[in-house]
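The chain contents come next:
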Amino acid sequence: MLTLKEAQTGHDYEVVKLHGTGAMKRHIMDMGLTKGTKLHIRRVAPLGDPVEMTVRGYELSLRKADAEIVEIKEC
Amino acid sequence: MQYKIALAGNPNTGKTTLFNALTGSNQFVGNWPGVTVEKKEGTLIGHPDILIQDLPGIYSLSPYTLEEVVSRTYLVKERPDAILNIVDGTNLERNLYLTTQLMELGIPVIMAVNMLDVTRKNGDIIHTDILSSAMGCPVLEISARTGEGLKELVETAAKTAKHQTLSEPRHTFSGPVEHALAHIEEATQGLLPEHQTRWYVIKLFERDSNVQDSLKLSPGLLDHINSNIEAVENELDDDAESIITNERYQFVSQLISKCAVKKNRHQLTTSDKIDRIVTNRFLALPIFAVIMFLVYYVSVTTIGTDATDWVNDTLFGEIIVPGAGELMDSWGVADWLKGLVVDGIISGVGAVLGFVPQMVVLFIFLAFLEACGYMARIAFILDRAFRKFGLSGKSFIPMLIGSGCGVPGIMASRTIENQPDRRMTIMTTTFIPCSAKMPIIALIAGAYFHGEWWVAPSAYFVGIGAIIVSGIILKKTKMFAGDPAPFIMELPAYHMPTIGNIARSVWERSSSFIKKAGTVILLSTILVWFLSSFGYGDEGFGMVEDLNDSVLSAIGQKIAWIFAPLGWGDWKAAVAAFTGLIAKENLVGTFGILYGLAEASEEGEEFWGTFAQDFSVTSAYSFLVFNLLCAPCVAAMGAIRREMNSTKWWLGAIGYQCGFAYCIALCFYQFSEFISNGVFGVGTAAACVVTALILYLLFRPAPHNDTAVVELNPSPSK
């Protein structure tokens with residue numbers, strides 16, 4: 001299973017599923033990362049975390065530990 | 001009759017700019033998500049009977065973040081006459097997601113698609129007619145910045161609010177979901193508020209606990225509803241909340257493909273190009289360091305100091321003080337009155353006003369950083385480092401703003417979602433020296449260190465060090481244990497701030513500083529002057545020549561022993577530290593009066609003689625450390641009280657700050673005395689014990705590891 005945590009800079013992915021429950025999952029979904037959403041990994045912060053991605057036409061940054069609940073596949 | 005229109009939308013869509021344009025008020029606009037941390041209201045220009053309410057920016061109406069709860073409680077309970085939904089035209093998709101939720105509230109909605117100037121420049125086209133018929137509400141294109149389209153918007157909004165033209169949500173969910181929603185609606189018939197059934201039914205479907213609690217439905221009914229939800233969840237193989245969210249976004253993205261045409265999809269924007277450099281792997285941190293250095297170097301050391309010197313030495317030192325003295329002499333006023341005006345009011349208030357130029361320069365930089373969009377990048381760059389000691393990158397924003405003033409800094413902590421992280425940020429934000437502490441730093445630097453360049457930066461390092469140490473220590477206590485808050489943040493596109501916007505922010509902050517000098521500080525300088533000039537002398541109560549006979553001295557001597565272990569047991573220092581609680585800059589004014597100076601300039605040359613008797617170099621720095629870290633001024637303590645929303649937490653925070661300041665100043669003074677004199681005394685022993693304790697708290701293993709408690713305060717403070 002590939003998660004957003006392992007995503008590579010410069011690659012494009014599609015969200016397969018969001019794992020977990022509660023506030024964080026909802027928050028991530030509210031920001032537009034839902035099933036089937038396409039995303040592009042833009043860069044990783046200088047200290048190695050968080051990750052910046054383009055999703056639904058805007059820039060979103062997400063910490064790797066939080067990104068772990070997002071299952072993705074390459075596309 | 002008064003009508004109410006709520007202004008709602010995503011963070012960073014130009015809501016505050018629109019609010020200013022609609023009401024003619026002067027709110028500052030920053031370019032990082034979460035500028036509006038409190039509700040603001042103002043009347044609509046040309047419609048005195050319509051009140052506009054600016055809500056905090058939100059992404060959704062979920063029950064999870066403080067701002068969303070504030071907004072939705074307001075919308076559901078207060079029921080404004082209309083919602084003006086501002087939507088960022090350059091980022092329709094995520095913005096319309098919120099609109100789908102607003103449409104369900106049963107309140108008339110008007111949609112304003114903002115940033116027309118930008119979308120037009122990009123060559124993008126938005127078909128508002130399609131958007132309007134698909135969403136079920138009037139849609140207008142505007143540019144809040146240039147004022148385009150605002151006239152029509154005002155008229156439409158006024159008409160909608162007055163006529164209550166209810167907008168019906170046109171979007172629907174998939175078959176199974178609608179089926180379950182119909183069941184829930186039927187089961188709860190008569191139990192839900194009229195006009196809001198759609199909203200409540202969907203929230204019940206999502207198992208929103210706030211709504212479940214507020215409706216007080218019977219357990220049997222909840223079970224019945226739950227069985228309906230579970231049927232759908234099994235059919236669609238997902239949980240109810242995800243199903244709703246997914247379908248909303250599906251609806252929105254389909255709609256967008258019909259109503260929006262984007263040109264130049266794959267071209268790099270200017271914002272992208274800037275980001276390539278400032279968030280670059282290798283350059284980001286050096287660039288950040290250079291920017292921070294420049295901000296403080298320019299405002300504290302160069303331009304700011306020159307201007308401040310001029311105000312202190314020339315304006316006050318050569319013109320106002322001697323002038324006022326001569327004028328008083330020529331009028332033949334009594335000596336005590338002359339003393340009150342020249343030595344009390346002018347030296348006290350003047351000492352504080354002298355720092356206005358420095359502050360203005362600092363405020364210009366802060367306003368620029370806030371408005372251009374760099375703040376969010378700072379949080380992005382530094383998050384990893386902050387997480388190491390239990391804070392989030394978002395904690396940096398309150399701290400940076402706190403370097404201007406602690407009060408808005410503390411309030412900015414509201415963008416942090418989880419309660420423990422928020423509390424910790426509130427507790428530690430005021431460790432960063434605010435602009436009012438600058439005079440203290442400048443005073444000590446000038447009087448004891450010949451204005452050495454490193455003193456001011458060292459004060460910031462003390463503040464940063466205190467935050468790091470406190471973060472690690474507090475994170476290991478039971479109250480703050482648990483997972484760090486998630487870091488999910490939008491990085492808004494950069495834009496050039498308007499001069500008017502920067503001017504507004506600088507004016508707002510500087511004027512409140514000046515106002516404080518004219519009120520609180522004026523009063524307390526008069527009080528300090530009075531207490532220090534009167535006392536029981538040889539002839540009973542009256543004006544005393546010797547300061548040591550004064551009332552203030554008597555009070556000061558009672559509390560001075562507390563600070564003796566820190567190296568400044570003299571009563572004047574104790575009194576000054578105490579008056580610093582009213583306002584930090586007051587401390588300098590108090591010294592000005594106590595040392596009988598007509599003007600306490602930060603050069604401190606006048607201070608040398610008398611000042612040096614009471615302080616050594618080490619005790620002066622210990623005094624500085626204590627005053628930087630201890631409880632902030634009354635205004636900031638008030639902000640802490642409001643934001644903590646609990647007396648216990650408030651007292652805990654203030655107590656922690658004072659205790660921490662005392663410990664650090666004690667250790668610093670005692671160890672530097674030991675190193676220079678080699679005498680091991682009781683104080684040194686105490687410092688050793690304190691150091692050992694701090695080291696233990698720092699390095700002990702975290703005892704409360706996996707008890708993540710996500711606590712949300714449902715009754716946010718006003």
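All values reported here derive from a predicted model rather than from experimental measurement.

1. Structural notes on the sheet that holds strand β5 (residues 70–74) of chain A
With antiparallel pairing, the six strands of this open sheet are ordered in space as β5(A)-β1(A)-β2(A)-β3(A)-β4(A)-β9(B). In this open sheet, the two strands that pair with only one neighbour each are β5 of chain A together with β9 (488–490) of chain B. For this sheet the average axis-to-axis angle between neighbouring strands, irrespective of direction, equals 40°. Where strand β1 (residues 12–18) of chain A and β5(A) come together, five bridges link them in antiparallel fashion. Bridged to Leu18(A) within β5(A) is Val70(A).

2. Some remarks on the nonpolar core
Residue and element names in this part refer to chain B. Tyr374, Leu400, Trp568, Phe615 and Phe623 are the most contacted members of the largest nonpolar core, which totals 117 residues. The residues touching tyrosine 374, leaving out its near neighbours within four places in the chain, are Val278, Ile287, Phe288, Ile291, Leu369, Ile381 and Tyr494. By size, the runner-up hydrophobic cluster in this structure holds 52 residues, among which are Leu61, Ala180, Leu192 and Cys259.

3. Focus: the interface of chain A and chain B
With 34 residues of chain A at the interface, the matching set in chain B holds 48 residues. For the pair chain A and chain B, the summed buried surface comes to about 3,600 Å²; carbon and sulfur atoms form 53% of the total. The interface formed by chain A and chain B includes eight salt bridges. If you look at where chain A meets chain B, you find 21 residue pairs in polar contact (both at pLDDT 80 or more). Counting residues per element, the side of chain A that touches chain B draws most heavily on helix α1 (residues 22–30) of chain A, which supplies nine residues. By the bridge criterion, three bridges tie strand β4 (residues 58–62) of chain A to β9(B) in an arrangement that is antiparallel.

4. Side note on helix α21 (residues 438–448) of chain B
Residues and elements named next belong to chain B. Burial runs high along α21: 11 of the 11 residues are buried. Every buried residue of α21 is accounted for by Met438, Pro439, Ile440, Ile441, Ala442, Leu443, Ile444, Ala445, Gly446, Ala447 and Tyr448. Residue histidine 450 follows α21 closely and has a positive phi angle near 50°.

5. Considerations on the environment of Ser403(B)
All names here are of chain B. Along the chain, serine 403 falls in the loop between α18 (396–402) and α19 (406–412). Spatially, the C-alpha atoms of serine 403 and aspartate 313 are 26 Å apart, while their sequence positions differ by 90 residues. Once residues lying within four places of it in the same chain are set aside, the contact partners of serine 403 are Tyr296, Leu362, Leu366, Ile432, Pro433, Cys434 and Ser435. Only 2.6 Å separates the side chain of serine 403 from the backbone oxygen of leucine 400, close enough to count as a polar contact.

6. Some words on the packing of aromatic side chains
Residues and elements named next belong to chain B. The final tally for this structure, using the stated rule, is 16 aromatic pairs over all chains. Their ring planes at 80° and their centres at 5.8 Å tell us that phenylalanine 386 and phenylalanine 396 sit as a pair that is edge-to-face. Of the two residues, phenylalanine 386 is situated in helix α17 (residues 374–388) and phenylalanine 396 in helix α18; the sequence distance between them amounts to 10 residues. Each member of the pair, phenylalanine 386 as well as phenylalanine 396, is classed as buried. Look at phenylalanine 591 and phenylalanine 623: their rings are 5.6 Å apart centre to centre, the planes differ by 55°, and that puts the pair in the tilted class. Residue phenylalanine 591 is found in helix α27 (residues 586–594), and its partner phenylalanine 623 is found in helix α29 (residues 617–629); the two are separated by 32 residues along the sequence. Its relative accessible area of 0% is what places phenylalanine 591 among the buried residues. Exposure remark for phenylalanine 623: the relative accessible area of 0% places this residue in the buried category. Each residue in the set Phe563, Trp568, Phe591, Phe615, Phe623 and Phe626 is aromatic and connected to the rest through ring pairs, giving one cluster. Taking the ring centre of tyrosine 494 as reference, the NZ or CZ of arginine 377 above it sits at 4.1 Å.

Rules and cut-offs
Residues numbered from 1 in each chain as written. Chains lettered and ligands numbered in written order. Predicted model: local features only at pLDDT ≥ 70, side-chain atom pairs only at ≥ 80, totals over all residues. Heavy atoms only, no water. Pairing = 2+ DSSP bridges. Helix = DSSP H or I, 4+ residues; strand = E, 2+ residues; numbered from the N terminus. Axes fitted to C-alpha atoms, helices over the stretch in contact; angles between N-to-C directions. Core = buried A, V, L, I, M, F, W, Y, C linked by side-chain atoms within 4.5 Å. Buried < 20%, exposed > 50% of the residue type's maximum accessible area, 1.4 Å probe, protein only. Contact = heavy atoms within 4.5 Å. Buried area = accessible area lost by both parts, 1.4 Å probe. Salt bridge = Lys/Arg side-chain N within 4 Å of Asp/Glu carboxyl O. Polar contact = N/O pair within 3.5 Å; in protein donor to acceptor, adjacent residues only side chain to side chain. Phe/Tyr/Trp six-rings, centres within 6.5 Å; stacked < 30°, edge-to-face > 60°. Lys NZ or Arg CZ within 6 Å of the ring centre and 35° of its normal.

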